[in-house]
Amino acid sequence: MQYLASLNKDEPFKKVFSDIDIAKAFLEDMLNVTIENIKELETDHKITNAASVVRFDFRCQILGQDVIIEMQNDYYEGLVKRFYLYHCLSTGLQLEVIKDKAEEHPVTGREYLIKRYVELKPVISIIWMAENNLGFKEDFIEFNTYPKALADFIMDDDIWIGKQEALLDVRNQLLNYLQKKAYNLDFHAQNRLIYVFQNNVVKNNRHKRYAKWFEFAQKTRKKDNKATDFQPFINNLIFSKMIQRLTTKWMEPAELRAMIGDEAYFAAKELAEKDKDQKKFGATQRAWHTEKAQLEQEKAQLEQEKKAEQEKAEQLLKFEKAKAKKEHVVLLKIEKEKAKKEHALLLKIEKEKAKIEKIALKEKLEKVLKEKQEQLLKAEKEKQEQLLKAEKEKQEQLLKAEK
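Report on the accompanying structure. No experiment lies behind these values; they were computed from the predicted model shown.

**Some words on the overall build of the protein chain**
(1) Moving on: Scanning the protein chain for helices and strands turns up 12 helices and 10 strands.
(2) Moving on: By the compact-globule yardstick of 22 Å for 403 residues, the protein chain is too spread out, its C-alpha radius of gyration being 57 Å.
(3) Moving on: In terms of overall dimensions, the protein chain has a C-alpha envelope of 200 × 85 × 60 Å along the principal axes.
(4) Moving on: Buried positions account for 24% of the 403 residues belonging to the protein chain.
(5) Moving on: In the protein chain, 66% of the contacts between residues at least 6 apart in sequence involve partners at least 24 apart.
(6) Moving on: Carbon together with sulfur atoms contributes 55% to the accessible area of the protein chain, which is approximately 30,300 Å² in total.
(7) Moving on: Each charge class in the protein chain can be summarised by its mean position, and for the 76 positive and 70 negative side chains these summaries are 8 Å apart.

**Let's talk about the pairing of strand 8 (residues 123-129)**
(1) Moving on: By the criterion of burial, strand 8 is predominantly enclosed, with 7 of the 7 residues buried.
(2) Moving on: Both faces of strand 8 are covered, namely the face carrying Val123, Ser125, Ile127 and Met129 and the face carrying Ile124, Ile126 and Trp128.
(3) Moving on: The sheet contact formed by strand 8 and strand 10 (residues 192-197) spans 6 bridges and is parallel. Each bridged residue has a counterpart across the sheet, and for Ile124 the counterpart in strand 10 is Arg192.

**Notes on helix 9 (residues 211-220)**
(1) Moving on: For helix 9, the complete set of buried residues consists of Ala211, Trp213, Phe214, Phe216, Ala217 and Thr220.
(2) Moving on: For helix 9, the secondary structure elements touched by its buried residues are helix 2 (20-31), strand 8, strand 10, helix 8 (198-204) and helix 10 (237-246).

**What about the packing of aromatic side chains?**
(1) Moving on: Tallying each qualifying case throughout the model produces 20 aromatic pairs.
(2) Moving on: Considering the side-chain rings of Phe136 and Phe197, the 5.8 Å spacing of their centres and the 15° angle between planes classify their relative orientation as stacked. Of this pair, Phe136 sits in the loop between strand 8 and strand 9 (140-144) while Phe197 sits in strand 10, and the two are 61 residues apart along the sequence.
(3) Moving on: For Phe197, a relative accessible area of 1% puts it in the buried group.
(4) Moving on: Geometrically, the ring pair formed by Trp213 and Phe239 is tilted, given 4.9 Å between the ring centres and 45° between the ring planes. You can see Trp213 sitting in helix 9 and its partner Phe239 sitting in helix 10, a full 26 residues away along the chain.

**Brief notes about the pattern of salt bridges**
(1) Moving on: The full count for this structure, using the stated rule, is 16 salt bridges.
(2) Moving on: Lys101 is paired through a salt bridge with Glu103; the nearest N and O atoms lie 3.5 Å apart.
(3) Moving on: Look at Lys101 and you get partly exposed, because its relative accessible area is 35%.
(4) Moving on: Given the relative accessible area of 27%, Glu103 is considered partly exposed.

**Quick notes on the nonpolar core**
The nonpolar side chains of soluble globular proteins are, as a tendency, buried together.
(1) Moving on: Membership of the largest hydrophobic core comes to 44 residues, with the highest contact counts inside it found for Phe26, Leu27, Trp128, Trp213 and Phe216.
(2) Moving on: Of the residues forming this core, the biggest block, 7 residues, is contributed by helix 2.
(3) Moving on: With near-sequence residues (within four places) excluded, Phe26 lies in contact with Phe17, Ile69, Ile126, Trp128, Trp213 and Phe214.
(4) Moving on: The next biggest cluster of nonpolar side chains, apart from the first, holds 13 residues, and it includes Val54, Leu79, Leu93 and Phe197.

**A closer look at the packing of helix 1 (residues 10-17) against helix 10**
(1) Moving on: Two numbers describe how helix 1 lies on helix 10: the axes approach to 10 Å, and their chain directions differ by 135°. Between helix 1 and helix 10, the angle falls in the class oblique. Every pair of crossing elements has a handedness; the one defined by helix 1 and helix 10 is right-handed. The segment helix 1 lies against helix 10, with Pro12, Lys15 and Val16 engaging Met242, Arg245 and Leu246.

**What to know about the sheet that holds strand 8**
(1) Moving on: Reading across the sheet, the 6 strands line up as 1-4-5-8-10-9 and stay open at both edges, with mixed pairing between neighbours. The open sheet has two free edges, formed respectively by strand 1 (38-40) and strand 9, since each of these has just one partner strand. Neighbouring strand axes in the sheet, compared pairwise and without regard to direction, differ in orientation by 20° on average.
(2) Moving on: Note: strand 9 against strand 10, 5 bridges, orientation antiparallel. Residue pairing in the sheet places Phe143 in a bridge with Leu193 of strand 10.
(3) Moving on: Along the sheet face, helix 1 touches strand 4 (58-62), strand 5 (65-72) and strand 8 and points at about 150° away from the line of strand 5.
(4) Moving on: The strands that helix 3 (residues 79-92) touches are strand 4, strand 5, strand 8 and strand 10; relative to strand 5, the one it contacts most, it runs at about 155°.

**Focus on helix 11 (residues 253-260)**
(1) Moving on: If you check which residues of helix 11 are buried, you get Leu256, Met259 and Ile260. The arc enclosing the buried residues of helix 11, seen along the axis, measures out at 75°, which places them on a common side.

**Things to note about the packing of helix 2 against helix 9**
(1) Moving on: In contact at an axis separation of 9 Å, helix 2 and helix 9 are set at 120° when each is read in the N-to-C sense. Relative to helix 9, the element helix 2 lies oblique. Counted together, Ile22, Ala25, Phe26, Asp29 and Met30 of helix 2 and Lys212, Trp213 and Phe214 of helix 9 form the full contact between these two elements.

**Notes on the side chain of Asp57**
(1) Moving on: Note that Asp57 resides in the loop between strand 3 (53-55) and strand 4.
(2) Moving on: Engagement of the side chain of Asp57 in a polar contact is seen with the backbone nitrogen of Met71, the distance being 2.7 Å.
(3) Moving on: Leave out the neighbours within four places in its chain, and Asp57 touches Asp10, Phe13, Lys14, Thr43, Ile69, Glu70 and Met71.

About the criteria used
- Residues numbered from 1 in each chain as written.
- Predicted model: local features only at pLDDT ≥ 70, side-chain atom pairs only at ≥ 80, totals over all residues.
- Heavy atoms only, no water.
- Helix = DSSP H or I, 4+ residues; strand = E, 2+ residues; numbered from the N terminus.
- Rg over C-alpha atoms; globule rule 2.2 N^0.38 Å.
- Buried < 20%, exposed > 50% of the residue type's maximum accessible area, 1.4 Å probe, protein only.
- Contact = heavy atoms within 4.5 Å.
- Areas by Shrake-Rupley, 256 points an atom, 1.4 Å probe, with all protein chains shown as cover.
- Lys, Arg positive; Asp, Glu negative; His and termini not counted.
- Charge placed at Lys NZ, Arg CZ, Asp CG, Glu CD.
- Pairing = 2+ DSSP bridges.
- Phe/Tyr/Trp six-rings, centres within 6.5 Å; stacked < 30°, edge-to-face > 60°.
- Salt bridge = Lys/Arg side-chain N within 4 Å of Asp/Glu carboxyl O.
- Core = buried A, V, L, I, M, F, W, Y, C linked by side-chain atoms within 4.5 Å.
- Axes fitted to C-alpha atoms, helices over the stretch in contact; angles between N-to-C directions.
- Parallel < 35°, antiparallel > 145°, perpendicular 65-115°, else oblique.
- Left-handed = near helix turned anticlockwise from the far one by under 90°.
- Arc of directions from axis to C-beta.
- Polar contact = N/O pair within 3.5 Å; in protein donor to acceptor, adjacent residues only side chain to side chain.

Okay, here's the thing in structure tokens:
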């Protein structure tokens with residue numbers, strides 16, 4: 001079964017564009033504008049009592065304009081007139097929300113209501129052609145309601161074979177028509193009918209902002225499309241939302257049938273029934289394979305744990321060796337520093353001891369010298385005293401002798 005439902009079918013297209021963020025992103029890329037605000041509008045309308053209900057694929061309001069987007073696969077007779085009708089209806093439906101204005105009759109003075117047609121907004125219609133290109137080679141073709149004189153100018157053979165001055169005169173006159181904004185005449189040119197051709201966009205490959213939308217849609221057309229086909233889009237927030245909305249795997253049967261069509265739905269259902277029998281047949285085998293794979297996984301896990309433990313033990317041993325080596329180096333360094341400090345301390349002590357001993361020896365010598373000096377002084381004193389005594393005795397003897 002295809003991975004995504006085809007965006008080129010009505011139901012998938014409406015489901016995708018019911019997300020206002022997706023619609024806003026598409027319009028910004030397609031119209032090359034920046035949209036600050038977008039307002040979704042009703043899509044189902046009954047125009048008259050006799051008319052059938054008209055259903056737009058998507059309708060909104062942006063930048064002061066009403067926009068409709070229609071998905072169409074192939075051409076059929078009346079297609080162009082149908083979408084022109086839709087374009088006109090989108091203008092007419094605005095009268096549902098435009099309020100009447102009260103005016104006073106200049107003669108009777110009675111109040112009456114008038115429509116505020118001045119509030120009508122231009123309409124942009126985007127017709128997404130999935131298969132037929134209406135005979136064009138361009139990515140898209142746009143139609144506006146321009147002055148008839150413009151068409152006459154282009155189709156008038158007499159003008160084109162005439163003089164250059166005549167061409168310029170007519171051109172200037174047409175420019176005056178096109179640029180005339182008085183009386184809201186520029187409203188005609190603001191209304192746009194744009195036919196976009198998916199096959200042409202993909203084929204031309206011009207790398208425009210809008211190209212990725214049509215490339216994505218083209219891939220969804222493949223009945224055997226796979227998730228890998230949309231790999232380039234999954235990192236884009238908008239396209240990832242589109243993928244989520246179009247994924248067939250999670251759709252309920254009723255929605256799936258509406259999304260992919262009866263033929264694809266019944267083919268997928270038949271394939272599912274065949275797969276159911278194969279699933280029953282293969283259930284036991286898958287269970288055995290699952291159990292075997294589980295045992296293999298447990299065995300591999302045990303081996304891995306054993307290897308991890310062994311590596312852990314080796315790392316621990318390596319760490320312990322490195323730690324012991326580091327501690328040994330640190331201890332050697334400490335012992336060396338200790339020995340160095342002790343040697344320096346001993347030298348200092350010896351030096352201080354020698355200094356003390358030198359001071360003590362000096363003090364001892366000074367004491368001995370002092371004692372010796374004292375002894376010499378004492379001996380000299382005693383000698384003097386003896387000499388004085390002897391002299392005195394001698395004097396006394398002399399005095400005695402003279403007497």
